[in-house]
Amino acid sequence: MILIFSNEKEPTTDMVIDWLLYKKAPFIRLNSEDILNNKSLYIDVAKGIIKINDMVISIDEINVVWYRRWNEFGFQLPKDIPNRSQLNFELSSELNEISSFIFMLLSGKKTLCNPFANKNHNKLYTLYLAHKHGINIAPSFIVNSVTAELDTETEYITKPISDSKLIVDKDQNFCYKSFTEKMDLSAMNDGESFFPSLLQGKIDSAHEIRCFYLDGKFFPTAILNSKTLDIKRSVGFDAETVRMIPFKFPEEIETKITGLMKDLGLNCGAIDIIKTTSGEFYFLEVNPVGQIIGYSTPTNYTLEKEVAEWLINNDYE
């Protein structure tokens, strides 16, 4: 039996499930919202049995797990409740501990996208490991001022160290999000302090590459005609102007990336790489969940089918 962890209204999950249904593969989908938004929740801790309404999950019957997505709980009580902030924290912690318990129960199963490797993923440590594996990375520094160690003549960019979230302004009906931006250090005063931030040397790119990695298989997509500094922005906002075509990495690059992914404990992910104007490859980051939508159709990779077949092929006793 295949068990899928996801969220409600998660389109990639739906696309993979379409293939599982087509191939008549048995599966169960458990959404994070199911833990809180159902009338009946029953978990037998000793037996490893989870019942949500009419759905029954027996850990012994699960052979393979796909961790697609899972919301962290942020419980919100009404504003007039005394000690609301502390209670919100306590209740959210209780729900998140339930989630962790379920993931731990399944830790011995064949898993695509380990939830703990995902939760503990750190972009800076990933850059460190990439460098250790002989993969080019941009010069990268964490600073809170313009120090003597920084060459102010060098072009730098800055981007979030963590995975930035959407900031929703309900009053203005608008959303905000942090992306990669240029930094002009020459315009800043020596000794001027700011919030600890990531600075990286700007790399002149011939084109950006987004690669879906699936347990040793590579599905790279070259993004052409991009006019932004951020792959997410190129595809998310300029999808009509960019071209996406299949790409092939040199074998040496694939070998190094495979070693990096193994050290990170990841068997799936979306890897961002730049190919420079001189033909070198520079590693940017890896999204441990893995991005499928937006790349699967233009390249004819049919990534949702690849994921479904991986799950089916690993669904054995």
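Look above for the structure.
Enquirer: Describe in detail the overall build of the chain, supporting the description with residues and values.
Expert: Assigned secondary structure in the chain consists of eight helices and 19 strands. In the chain, once contacts between residues fewer than 6 apart in sequence are set aside, the share between residues at least 24 apart is 66%. When the accessible area of the chain is evaluated, it comes to approximately 17,700 Å², of which 51% is carbon and sulfur surface.

Enquirer: Requested: an account of empty space enclosed by the protein, with residues and values cited.
Expert: Taken as a whole and judged by the stated rule, the model has one cavity of 30 Å³ or more. Considering the residues around the largest cavity, the lining is formed by Lys123, Leu124, Leu127, Lys159, Pro160, Ile161, Leu198, Gln200, Leu284 and Glu285. Those elements giving two or more residues to the lining of the largest cavity turn out to be α4 (123–132), β14 (193–201) and β19 (281–287). When residues in the lining of the largest cavity are grouped by element, the largest group, three residues, is from α4.

Enquirer: I'd like a description of the state of the cysteines, backed by residues and values.
Expert: All told, the structure shown has zero disulfides when counted by the stated rule. With no disulfide of its own, Cys113 lies 3.7 Å from the sulfur of Cys268, the closest cysteine sulfur.

Enquirer: Before we move on, could you go through the nonpolar core and cite the residues and values that matter?
Expert: Residues Leu3 and Phe5 are the most contacted members of the largest nonpolar core, which totals 39 residues. At five residues, the largest contribution of residues to this core is made by helix α8 (residues 303–313). Ile209, Ala222, Met261 and Leu264 belong to the second largest nonpolar core, which has 25 residues in total.

Enquirer: Give a detailed account of the pattern of salt bridges, specifying residues and quantitative values.
Expert: All told, the structure shown has 13 salt bridges when counted by the stated rule. Put simply, Glu10 and Arg69 hold a salt bridge, and the shortest N to O gap is 3.6 Å. With Glu10 in the loop between β1 (2–6) and α1 (11–22) and Arg69 in the loop between β6 (64–67) and α2 (84–105), this residue pair connects regions lying 59 residues apart in the sequence. The partner of Lys123 in a salt bridge is Glu285, with the nearest N and O atoms 3.8 Å apart. With a gap of 162 residues between them, Lys123 in helix α4 and Glu285 in strand β19 connect regions that are remote in the sequence.

Enquirer: Can you explain α2? Please cite residues and give values.
Expert: The end-to-end C-alpha distance of α2 is 32 Å, a good match for the 32 Å that 22 residues give at a rise of 1.5 Å each. Three or more residues of α2 are buried, namely Asn88, Ser92, Leu95, Asn96, Ser99, Ser100, Ile102 and Phe103. Take α2 and look down its axis: the buried residues cluster within an arc of 155°, on one side only. Exposed and facing more than 90 degrees away from the buried side of α2 are Glu94, Glu97 and Met104. Against β1, β3 (41–44), β4 (49–52), β6 and α3 (115–119) lie the buried residues of α2.

Quick notes on the rules
Residues numbered from 1 in each chain as written. Predicted model: local features only at pLDDT ≥ 70, side-chain atom pairs only at ≥ 80, totals over all residues. Heavy atoms only, no water. Helix = DSSP H or I, 4+ residues; strand = E, 2+ residues; numbered from the N terminus. Contact = heavy atoms within 4.5 Å. Areas by Shrake-Rupley, 256 points an atom, 1.4 Å probe, with all protein chains shown as cover. 1 Å grid on protein atoms, 1.4 Å probe; cavity = no way out; pocket = protein on both sides within 12 Å on 5 of 7 lines; lining within 4 Å. Points joined across faces, edges and corners; volume = space filled by probe spheres on them. Disulfide = S-S within 2.5 Å. Core = buried A, V, L, I, M, F, W, Y, C linked by side-chain atoms within 4.5 Å. Buried < 20%, exposed > 50% of the residue type's maximum accessible area, 1.4 Å probe, protein only. Salt bridge = Lys/Arg side-chain N within 4 Å of Asp/Glu carboxyl O. Expected span 1.5 Å × (residues − 1). Arc of directions from axis to C-beta.

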